[in-house]
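Next come the chains, spelled out residue by residue.
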Amino acid sequence: MKCRQCGIEIADKALICYRCGTATTEAKFKPAAPRRSYAALLVSILVVVVLAIAALYIDRTAAAETPRVAAWILVAVAVVIVAVRAYIRRR
């Protein structure tokens, strides 16, 4: 039998061509399609919502500037978490 890719003569029972590596037959089993996990997205959204609520609560409970800074830090942490998770998902 001849390889359908490179044309070299190979054994009739060969599974792949020894020269170019092309399969001689179609695969018996196809890999399963990757399942999308919405759990990570749900957790990310939940974390952002909790941090936003905490930031609003801290902002309203005290009139001093220190809690306001803490609220913005919490919001910044939430944005960073979402950005990192989005970057990891795209890779």
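Calculation criteria
- Residues numbered from 1 in each chain as written.
- Predicted model: local features only at pLDDT ≥ 70, side-chain atom pairs only at ≥ 80, totals over all residues.
- Heavy atoms only, no water.
- Helix = DSSP H or I, 4+ residues; strand = E, 2+ residues; numbered from the N terminus.
- Buried < 20%, exposed > 50% of the residue type's maximum accessible area, 1.4 Å probe, protein only.
- Contact = heavy atoms within 4.5 Å.
- Patch = residues over 30% accessible without salt bridge, like charges linked within 9 Å, V, L, I, M, F, W, Y side chains within 5 Å.
- Areas by Shrake-Rupley, 256 points an atom, 1.4 Å probe, with all protein chains shown as cover.
- Salt bridge = Lys/Arg side-chain N within 4 Å of Asp/Glu carboxyl O.
- 1 Å grid on protein atoms, 1.4 Å probe; cavity = no way out; pocket = protein on both sides within 12 Å on 5 of 7 lines; lining within 4 Å.
- Points joined across faces, edges and corners; volume = space filled by probe spheres on them.
- Disulfide = S-S within 2.5 Å.

Visitor: Can you explain the overall build of the chain? Please cite residues and give values.
Guide: Broken down by element type, the chain carries two helices and zero strands. For the chain, buried positions account for 11% of its 91 residues. Considering only contacts within the chain whose residues lie at least 6 apart along the sequence, 17% involve residues at least 24 apart.

Visitor: Give me the lowdown on a nonpolar patch on the surface, citing residues and values where you can.
Guide: On the surface, Y38, L41, I45, V49 and I53 cluster together into a nonpolar patch covering about 480 Å² of accessible area. Along the polypeptide, I45 turns up in helix 1 (residues 39–61). We classify I45 as partly exposed; its relative accessible area is 47%.

Visitor: How would you sum up the layout of surface pockets? Please name residues and give values.
Guide: In this structure, the largest pocket occupies an estimated 170 Å³ of space. As for the largest pocket, its lining consists of A40, L41, S44, V82, R85, A86, I88 and R89. Counting residues per element, the ones that place at least two in the lining of the largest pocket are helix 1 and helix 2 (65–90). Counting residues per element, the lining of the largest pocket draws most heavily on helix 2, which supplies five residues.

Visitor: Would you mind going over the environment of L41 in detail, with residue names and values included?
Guide: Residue position: L41 is located in helix 1. As for L41 and R89, which are separated by 48 residues in sequence, their C-alpha atoms are 9.8 Å apart.

Visitor: Can you break down the environment of I73 residue by residue, with the values?
Guide: One can find I73 in helix 2. Using a relative accessible area of 49% as the deciding quantity, one classes I73 as partly exposed.

Visitor: Lay out the state of the cysteines in plain terms, naming residues and giving numbers.
Guide: Any covalent bond linking the sulfur atoms of two cysteines counts as a disulfide. For the coordinates displayed, the defined rule picks out zero disulfides. Cysteine C6 is unpaired, with the sulfur of C17 as its nearest cysteine sulfur at 3.7 Å. Under the relative-accessibility criterion, C6 is labelled partly exposed at 29%.

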